[in-house]
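Below are the chains, spelled out letter by letter.
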Amino acid sequence: MDNSSEIKKNEPISCDICFHRCRLNEGQTGFCHARININGENISLNYGKISSLALDPIEKKPLRHFYPGSSIVSVGSFGCNLSCPFCQNSEISLSDGAPIPKTKNYTPDELVALCRQYEDQGNIGIAFTYNEPLINHEYILETAKLIRAEGMKTVLVTNGSVNRTILDEVGPYIDAMNIDLKSYDRDYYAHVLHGNYAVTSDFIERALYYSHIELTTLIIPGDNDSDDEMRSIASYISDLIKRSGKDIPLHVSRFFPRSKYSDRTPTPVEKVYHLAEIAREYIPHVYEGNC
């Protein structure tokens, strides 16, 4: 009797969606809480499971140079492949070890039908946001293809921390992205966020081939709020603009206490405006957020 297939099922698998490359034993979930090894296959736990849904102004994503004045259906699921101590959506990112939230199942077809229902309210399509959408890239891809066939738009709000192969699969069907550039400090990315700066910067640079791109930096007092840090971020974006020939707006956003940083104070409004002014010395389009 050939039991090689049974042996293979019992072997750990490697998840290659992001830089963590989690080794998953049977029934084990990865760092993101949303991928699981079932019978030797890397399965999405959150496929079609929607935890959050709203019709938002496009500027709330935030996108300022993509169909301004329009609205977009915003959906989130659960799970994230970073563990930011200041997460603004920790109850669905699960960064605080929260239980999986209550969700409602939507097939890609059902989600597209929902988007069509809001067209008379200015809806231009769908934004995958709130948690990290690309850990469920299969669902994103299927839905985005259907959205495009309907003449509507797909937006991603992402931490930009998945491997290039995932971006190259999904990117051709994405019309705009807002990508978090949380810091210019490689050690901060690695030790505070459990991320990888090189992966994020590569993602940003590659994403410019596919979509309209805007970036967001959330200003955390005492973490990434120095003048030098903003000069480094803005200089990097300026270089990207020169090399790509594309407009790349930056959103300088105010932090409010959440998650493991719930004992901290909000970013002073004057600090956000000050850092935005520094950024404008390097790049033309800078917007203050959450002020």
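Residues numbered from 1 in each chain as written. Predicted model: local features only at pLDDT ≥ 70, side-chain atom pairs only at ≥ 80, totals over all residues. Heavy atoms only, no water.

## With respect to the pattern of salt bridges
Argument step 1. All chains considered together, the criterion is met by 16 salt bridges.
Argument step 2. R148 is paired through a salt bridge with D175; the nearest N and O atoms lie 3.1 Å apart. Taken as a pair, R148 in helix α4 (residues 137-149) and D175 in the loop between α5 (164-170) and β11 (176-180) lie far apart in primary sequence, 27 residues in all.
Argument step 3. You can call D175 buried: its relative accessible area is 17%.
Argument step 4. Between R264 and D223 there is a salt bridge; the shortest N-O distance is 3.1 Å. (Salt bridge = Lys/Arg side-chain N within 4 Å of Asp/Glu carboxyl O. Helix = DSSP H or I, 4+ residues; strand = E, 2+ residues; numbered from the N terminus. Buried < 20%, exposed > 50% of the residue type's maximum accessible area, 1.4 Å probe, protein only.)

## Quick word on the nonpolar core
Argument step 1. Within the largest apolar cluster, 70 residues are counted, with the highest numbers of intra-cluster contacts made by F86, M177, L215, M230, I237, L250 and V252.
Argument step 2. Ranked by residue count, the leading element in this core is helix α8 (residues 227-244), at seven residues.
Argument step 3. Apart from the residues within four sequence positions on either side, F86 is in contact with K182, Y188, L193, L218, I220, F255, R258, S259 and Y261.
Argument step 4. Judged by nonpolar contacts, the second largest core, of nine residues, contains L63, F66, I72 and A176. (Core = buried A, V, L, I, M, F, W, Y, C linked by side-chain atoms within 4.5 Å. Contact = heavy atoms within 4.5 Å.)

## Some remarks on the side chain of N131
Argument step 1. In this fold, N131 is placed in the loop between β9 (123-128) and α4.
Argument step 2. Among the residues examined, N131 registers a relative accessible area of 8% and is labelled buried.
Argument step 3. In terms of polar contacts, N131 uses its side chain to reach the backbone carbonyl oxygen of G79, at 3.1 Å.
Argument step 4. Not counting residues up to four positions away in its chain, the partners in contact with N131 are N46, G76, S77, F78, G79, I92 and V157. (Polar contact = N/O pair within 3.5 Å; in protein donor to acceptor, adjacent residues only side chain to side chain.)

## Observations regarding unusual backbone geometry
Argument step 1. Between K61 and P62 the backbone carries a cis peptide bond, its omega angle lying at -10 degrees.
Argument step 2. Mapped onto the fold, P62 is located in the loop between β6 (52-57) and β7 (71-76).
Argument step 3. In this structure, H194 takes a positive phi of about 60 degrees despite not being glycine.
Argument step 4. Summarising the element assignment, H194 is placed in the loop between α6 (186-191) and α7 (197-207).

## Some details on the packing of α8 against helix α9 (residues 269-280)
Each pair of packed helices gets described by two things: the angle between the helix axes and the distance between those axes.
Argument step 1. Where α8 contacts α9, the axes come no closer than 9 Å and their chain directions differ by 40 degrees. Classified by the angle their axes make, α8 and α9 are oblique. As α8 runs across α9, the sense of the crossing is right-handed. Contact residues: α8 offers D227, M230, R231 and A234, while α9 offers H274, L275, I278 and A279.
Argument step 2. The residue inventory of the contact of α8 with α9, partitioned by class, reads five nonpolar, one polar and two charged. (Axes fitted to C-alpha atoms, helices over the stretch in contact; angles between N-to-C directions. Parallel < 35°, antiparallel > 145°, perpendicular 65-115°, else oblique. Left-handed = near helix turned anticlockwise from the far one by under 90°. Nonpolar A, V, L, I, M, F, W, Y, C, P; charged D, E, K, R; others polar.)

## Looking at the side chain of S183
Argument step 1. Take S183: it is sitting in the loop between β11 and α6.
Argument step 2. A polar contact is formed between the side chain of S183 and the side chain of E229, at a distance of 2.7 Å.
Argument step 3. When sequence neighbours within four positions are dropped, the list of residues in contact with S183 reads Y188, Y189, Y197, E229 and I233.

## Describing the packing of helix α3 (residues 108-117) against α4
Argument step 1. For the pair α3 and α4, interaxial distance at closest approach is 9 Å and the crossing angle is 45 degrees. Taken as axis vectors, α3 and α4 run oblique relative to one another. Crossing of α3 over α4 shows right-handed handedness. Residues P108, D109, L111, V112 and C115 of α3 form the contact with α4, whose participating residues are Y139, E142, T143, L146 and I147.
Argument step 2. Along the lines of polarity and charge, the residues of the contact of α3 with α4 split into seven nonpolar, one polar and two charged.

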